[in-house]
Every structure is written in structure tokens, then in C-alpha cells.
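Summary of structural features
Next come the chains, spelled out residue by residue.
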Amino acid sequence: MKLNKYIYSKLKDDDGYYVEPTEEDIEDWITEWYNDTFKDIDDEDKPRGPPMWLAGSRWYDRRRRKIAEAKAEAEAKDEA
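Structural notes, computed from the coordinates. Just so we're clear, the structure is a prediction, and the values are computed from it rather than from any experiment.

Once that is clear, we can look at helix 2 (residues 23–37). Over its 15 residues, helix 2 extends 21 Å from the first C-alpha to the last, a length consistent with the 21 Å expected when each residue adds 1.5 Å. Turning to helix 2, its buried residues number three or more, namely Trp29, Ile30, Trp33 and Tyr34. Buried residues of helix 2, viewed axially, fall in a sector of 130°; they line one side. Exposed and oriented more than 90 degrees from the buried face of helix 2 are Glu24 and Asp36. Where helix 2 is buried, its residues contact helix 1 (3–10).

Here we come to the environment of Glu20. Its location among the elements puts Glu20 in the loop between helix 1 and helix 2. Separated by 53 residues in the primary sequence, Glu20 and Glu73 place their C-alpha atoms 33 Å from one another.

Cut-offs applied
- The numbering scheme is per chain: residues are counted from 1 as the chain's sequence reads.
- Note on the predicted model: pLDDT of at least 70 is required for a residue's local features to be given, and 80 or more for side-chain atom pairs to be given and counted; whole-chain, interface and lining totals, by contrast, use all residues.
- With hydrogens and water stripped out, all remaining heavy atoms of the structure feed into the side-chain values.
- Comment: elements are numbered from the N terminus, with helices defined as DSSP H or I runs of at least four residues and strands as E runs of at least two.
- To estimate how far a helix should reach, multiply one less than its number of residues by 1.5 Å.
- Exposed residues in this analysis have more than 50% of their type's maximum accessible area, buried residues have under 20%, and partly exposed residues fall in between, with area computed by a 1.4 Å probe over protein chains only.
- In this context, the arc is that of the directions from the helix axis out to the C-beta atoms.
- Residues are treated as being in contact if the distance between any of their heavy atoms lies within 4.5 Å.

Shown next, in the form of C-alpha cells:
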């Protein structure tokens, strides 16, 4: 199944109404589609994860997350 058809099918719930997905929902759908479509070359039973440019955490997301964690840790130390 093509990716656009897969995502379009996920946009409708069981009653046929459209849902408003979050960015994380769409990334999860892309990952599910990729794992169903492409298999690992060495082991056909094992799914191959999507490339970083398509889905998954990126280095700049990790940097933002680490900065936020450090700020939260500093605030917790200040409160204690």
C-alpha cells in the first residue's frame, strides 16, 4: 500500500468520521507503514526501521530534549 493511502485510511475512525491527528500520530503511522512494507535484508521476519529523514528522532530534537531536561533538573535543584 502506498504511504498516502495508508495515512488517509488512518484519518477516519470506525464510524467514518475524520480524526485530527497529532504530529506524533502521523510519525507513528509512517513508522508502522515502513515496518510493514520493508523488511530487514538479513532477517525477513524482522522489520527494518525507517530512515531518520522519514521518521524517528533527529539530532536537533535530541538537543532540544536534553536542554529541556537540564532546565527541569536545574529548577528542581533550585526548589529543593
